[in-house]
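Listed below are the residues making up each chain.
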Amino acid sequence: MSDGSATSDARTRILDAAEAIVRARGVSGLTLEAAARQAGVSKGGLLYHFASKEALITGLLARMADWMRQDFEAMVATQAEGPGRVARTMLAWAFELAPEAVNERCDRAAAVFLAAFHHDPALLEPIRSVIAEMRRAVVADGLPPGHGFAIMAAGDGLFMARIFGLYHPTEQERHDMHAALSRLLETGS
């Protein structure tokens, strides 16, 4: 009898392969055949887990939403309790992680988000749900109205600038933005 680990391993390999394809070639390069080939599974094996391209993209989004939720909750837990805990998490998420980690995370999320948006914007619902949870956490964070959302929007703006190649802030600009946003936490306590 199987313990299911081979099944979950195949599912993970398929999702990893699909994500890699989308990152390298865009959503138009993602086919069930290409994902199966790159994952090292038969097309039938892929179809066991994902019956269609839409199901595969849905799987990518569900995995990304789970990762976002877990990462956010873990980072909140590292912050001191009290007003601004969520906003401090968002600052850390946007400014204090190693740039390589932030860039990798942004690139992975961007590929998945853009693939979903291109295929069917309604598929982004799991991501919208996680962001709605974060927004509720910002509202309950104990800061004056607007402070937490300004920090969240700044992080979102950096993400968008990265994924669309709109601009690349210098280290000094990032430092200055972080300092300005940190002052919102000081004035909000």
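As shown above, the structure is provided for reference.
The structure presented is a predicted model; accordingly, all values stated were derived computationally and were not measured. (Residues numbered from 1 in each chain as written. Predicted model: local features only at pLDDT ≥ 70, side-chain atom pairs only at ≥ 80, totals over all residues. Heavy atoms only, no water.)

Another point: the side chain of aspartate 141. Take aspartate 141: it is sitting in the loop between α7 (125-139) and α8 (147-164). It turns out aspartate 141 is buried and unbridged, and the closest side chain with the opposite charge, arginine 88, is 6.4 Å from it. Among the polar contacts listed, one links the side chain of aspartate 141 to the backbone nitrogen of alanine 87, at a separation of 2.9 Å. Those residues in contact with aspartate 141 that lie beyond four places of it in its chain are Gly82, Pro83, Gly84, Arg85, Val86 and Ala87. (Helix = DSSP H or I, 4+ residues; strand = E, 2+ residues; numbered from the N terminus. Buried < 20%, exposed > 50% of the residue type's maximum accessible area, 1.4 Å probe, protein only. Lys, Arg positive; Asp, Glu negative; His and termini not counted. Salt bridge = Lys/Arg side-chain N within 4 Å of Asp/Glu carboxyl O. Polar contact = N/O pair within 3.5 Å; in protein donor to acceptor, adjacent residues only side chain to side chain. Contact = heavy atoms within 4.5 Å.)

Here arginine 108 lies in helix α6 (residues 99-119). Filtering out sequence-adjacent residues up to four positions away, arginine 108 remains in contact with Glu19, Arg23, Arg63 and Met64. Of the polar contacts made by the side chain of arginine 108, one reaches the side chain of glutamate 19; its length is 2.6 Å.

Our focus in this paragraph is the packing of helix α4 (residues 53-78) against helix α5 (residues 85-96). The interhelical angle for the contact between α4 and α5, taken along N-to-C directions, is 115 degrees, at an axis separation of 9 Å. Judged by the angle between their axes, α4 and α5 are roughly perpendicular. Along this stretch, α4 crosses α5, giving a crossing that reads as right-handed. Where α4 approaches α5, its residues Met68, Asp71, Phe72, Met75, Val76 and Ala77 are matched on the opposing element by Arg85, Val86, Thr89, Met90, Ala92 and Trp93. Tallied by class, the residues present in the contact of α4 with α5 amount to nine nonpolar, one polar and two charged. (Axes fitted to C-alpha atoms, helices over the stretch in contact; angles between N-to-C directions. Parallel < 35°, antiparallel > 145°, perpendicular 65-115°, else oblique. Left-handed = near helix turned anticlockwise from the far one by under 90°. Nonpolar A, V, L, I, M, F, W, Y, C, P; charged D, E, K, R; others polar.)

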